[in-house]
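# Geometric and topological summary
These are the residues of each chain, in order.
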Amino acid sequence: MRVLWIFLALALIAASLAAGVYKGRMRSVEQRTLPGLPSAVEGNDWEVVNARLFFPKGDALAAEERRITLRGASANSANLADTAALARAGAVMDELLRGPILLSGLAEPLVPSGTTLKGLFIDADGTVYIDLDRSALSGAPKDATGEYLSVQGFYESLKQNVGGVRAVKFLIDGKELDTLWGHLDAGRPVADEYDEE
Amino acid sequence: MKKLFACLIILLILPAACFANAAHASEGDGDLKRHAASVGEIVIDPGHGGFDSGLPGEKESVLVLAGKLKDIFREAGTKVALTRDANRYVSLQERASRVNNEMPDLYIGLHRSRTKFSVFSVMEDSARADSEAIRDRMLAGLAVAFGEDAVSMRQVPLYMTEHIHAPGVLVEIPANIDLDDETVSASIITKLLQALEPSPENRH
């Protein structure tokens, strides 16, 4: 009888330990996916829309029209709180990271090819937080105008293609830097008043 | 006979030309000193440094140019400080704090650009008008010396021009300009200094 009680107690301890490990895993999975793009496509709805993407060309930005596919998202959503806006922003980001296609050879990519989007988040005020990996800062260095055009390229593309976007803020590997390429203030979100006068 | 005559003419013209050039240079030097002397205190800010290389060769070349400017201002009696005097990393925050602690009469940031000269002016309200006036004179001088196509009028809000309170400008010199060439670097320095208005007691 005593052996049975000991066995039951051990089984209870083992079960609660296993539950704790499982819960911890779930939490870490949630933390990884929360700031990022919705990885799973919910439902089968998809839509092809036109997007205007901006890339540096000389000392200005040039627009490239591109057809992009939105999956599991309503293209007309302007509600930043829902996943549709985030999915739309994510689709735009994916295209921006591919660099210019129609303007290939004429315009420059915003960041080096191979740069990955580690996370994307939109707050209630319409600020898009773009978390890129460190390879964004590798490759050809930028002068002040080049740095300005790169951050403006992200901002203009997101503003024009995702309703309600008012600003863009950059993170590198989840961290805020005082500058990206040594000239501009990366602590301040890029917004309309940031534009030249 | 003709050859001898030509040689004689060359021998006569050459020293005269050299003398005229030297006289012009010394007049230019005096003029530049007057411009430099109009600044009581300056902070010169060579961009990048350490692991932050900027464009190829940028962190080294702007440091050399900063050293040349420092010597000219010191000779003119100006108090000079540099945000870095060696190849080391200084954050933008540290640079801006340094300038704001010193509160000099003038701030000059030095960078390189990929293609064109740019001059960005300090945007702080109290320093804005003076900074824009210096910027416009620098751009005009650089356009005369290097051609209008070599100069960009674009203004971009930079960390330094947004965070410092002293009048000043951040100058970008194209990467294809060889700053090791003494004539070229002297020409750039001349245009930068000529944009500073001599103070009334130094005007002649």
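Residues numbered from 1 in each chain as written. Chains lettered and ligands numbered in written order. Predicted model: local features only at pLDDT ≥ 70, side-chain atom pairs only at ≥ 80, totals over all residues.

## As for the overall build of chain B
When helices and strands are counted, chain B shows six helices and six strands. Reading chain B from its N end, one meets helices and strands in the order α-β-α-β-α-β-β-α-β-α-β-α. Counting over 204 residues, chain B shows a buried share of 38%. Sequence separation of at least 24 residues holds for 82% of the intrachain contacts in chain B that already meet a minimum separation of 6. (Helix = DSSP H or I, 4+ residues; strand = E, 2+ residues; numbered from the N terminus. Buried ≥ 20, exposed ≤ 12 C-beta atoms within 10 Å, placed from the backbone. Contact = placed C-beta atoms within 7 Å.)

## Topic: the overall build of chain A
Scanning chain A from terminus to terminus reveals three helices and six strands. Beginning at the N terminus, the succession of helices and strands in chain A can be written as α-β-β-α-β-β-α-β-β. Contacts in chain A between residues far apart in sequence, at least 24 positions, make up 64% of those at least 6 positions apart.

## Observations regarding the sheet that holds strand E3 (residues 117-122) of chain A
All names here are of chain A. Taken together, four strands build an open sheet; the order of strands is E3-E4-E5-E6 and the sheet is mixed. Lying at the two open borders of the sheet, with one neighbouring strand each, are E3 and strand E6 (190-191). Contacts from helix H2 (residues 83-98) reach E3 and strand E4 (127-132) within the one sheet, and its direction differs from that of E3 by about 145°. Of the strands in this sheet, E4, strand E5 (167-172) and E6 are in contact with helix H3 (residues 144-161), which crosses E5 at around 130°. (Pairing = 2+ DSSP bridges. Axes fitted to C-alpha atoms, helices over the stretch in contact; angles between N-to-C directions.)

## A closer look at the sheet that holds strand E6 (residues 168-174) of chain B
Residue and element names in this part refer to chain B. If you trace the six strands from one edge of the open sheet to the other, you get E2-E1-E3-E6-E4-E5, paired in mixed fashion. Lying at the two open borders of the sheet, with one neighbouring strand each, are strand E2 (79-82) and strand E5 (151-152). When strand E3 (residues 106-113) meets E6, the two strands line up parallel, connected through seven bridges. Looking at E6, one finds that Gly 109 is bridged to Leu 170. The strands touched by helix H3 (residues 92-102) are strand E1 (41-46), E2 and E3; relative to E1, the strand with the most contacts, the crossing angle is about 175°.

## A look at the interface of chain A and chain B
In this assembly, 16 residues from chain A lie in contact with 24 residues from chain B. Of the residues that constitute the side of chain A that touches chain B, the class distribution is five nonpolar, five polar and six charged. (Nonpolar A, V, L, I, M, F, W, Y, C, P; charged D, E, K, R; others polar.)

## Regarding H3 of chain A
With 18 residues, H3 of chain A extends 26 Å between its outermost C-alpha atoms, agreeing within 8% with the 26 Å of an ideal straight helix rising 1.5 Å per residue. Most of H3 of chain A is tucked away: 17 of the 18 residues are buried. (Expected span 1.5 Å × (residues − 1).)

## Observations concerning helix H2 (residues 58-75) of chain B
A turn of α-helix holds 3.6 residues, and therefore any two residues three or four places apart point the same way. Taking 1.5 Å as the rise per residue, H2 of chain B with 18 residues should run 26 Å; its terminal C-alpha atoms sit 26 Å apart, in good agreement. The first or second residue beyond H2 of chain B is Gly 77 of chain B, which carries a positive phi of 90°.

## Overview of the pairing of E5 of chain A
All names here are of chain A. In the sheet, E4 pairs with E5 via six bridges, with the strands oriented parallel. In the strand pairing of E5, Tyr 129 is matched with Lys 169. Sheet topology note: the E5/E6 ladder contains two bridges and is antiparallel. The residue of E6 that forms the bridge with Ala 167 is Ala 191.

## As for the nonpolar core
Ranked by internal contacts, the top residues of the largest apolar core, which has 82 residues, are Ala 89 and Leu 158 of chain A together with Ile 108, Met 138 and Val 171 of chain B. Ranked by the residues each element gives to this core, the list is headed by H2 of chain A, at nine residues. Apart from residues lying up to four places away in sequence, Ala 89 of chain A is in contact with Leu 120, Ile 122, Val 128, Leu 158 and Val 162 of chain A. (Core = buried A, V, L, I, M, F, W, Y, C linked by C-beta atoms within 7 Å.)

## Points about the packing of helix H4 (residues 125-146) of chain B against helix H6 (residues 182-194) of chain B
All names here are of chain B. Between H4 and H6, the shortest axis-to-axis distance is 8 Å and the interhelical angle comes to 150°. Comparing the axis directions of H4 and H6 gives the class roughly antiparallel. Of the two elements, H4 crosses H6, and the hand of that crossing is right-handed. Only Ser 187, Lys 191, Leu 192 and Gln 194 of H6 make contact with H4, whose side of the interface consists of Met 138, Gly 141, Leu 142 and Ala 145. Residue classes in the contact of H4 with H6 are distributed as four nonpolar, three polar and one charged. (Parallel < 35°, antiparallel > 145°, perpendicular 65-115°, else oblique. Left-handed = near helix turned anticlockwise from the far one by under 90°.)

## Digging into the environment of Ala 107 of chain A
Residues and elements named next belong to chain A. With respect to the element layout, Ala 107 can be found in the loop between H2 and E3. Sequence separation of Ala 107 and Glu 64 is 43 residues, and the distance between their C-alpha atoms is 9.5 Å. In this structure Ala 107 touches Phe 55, Pro 56, Lys 57, Ala 62 and Pro 100, once residues within four positions along its chain are discounted.

## Topic: unusual backbone geometry
A positive phi angle, close to 50°, is found at Asp 173 of chain A, a residue other than glycine. Examined against the element boundaries, Asp 173 of chain A turns out to sit in the loop between E5 and E6. You will see that Met 103 of chain B, though not glycine, has its phi angle at about 45°, which is positive. Relative to the elements of secondary structure, Met 103 of chain B occurs in the loop between H3 and E3.

## Structural notes on the confidence of the model for chain B
Residues and elements named next belong to chain B. Chain-level pLDDT for chain B is 87 on average; 83% of the residues reach the 70-or-more range. Ignoring residues within four places in sequence, the model shows residues 14-27, a span with pLDDT below 50, making zero contacts including any to other chains. Both scores are available for the predicted complex, with the pTM at 0.76 and the ipTM at 0.79. (pLDDT = per-residue confidence, 0-100.)

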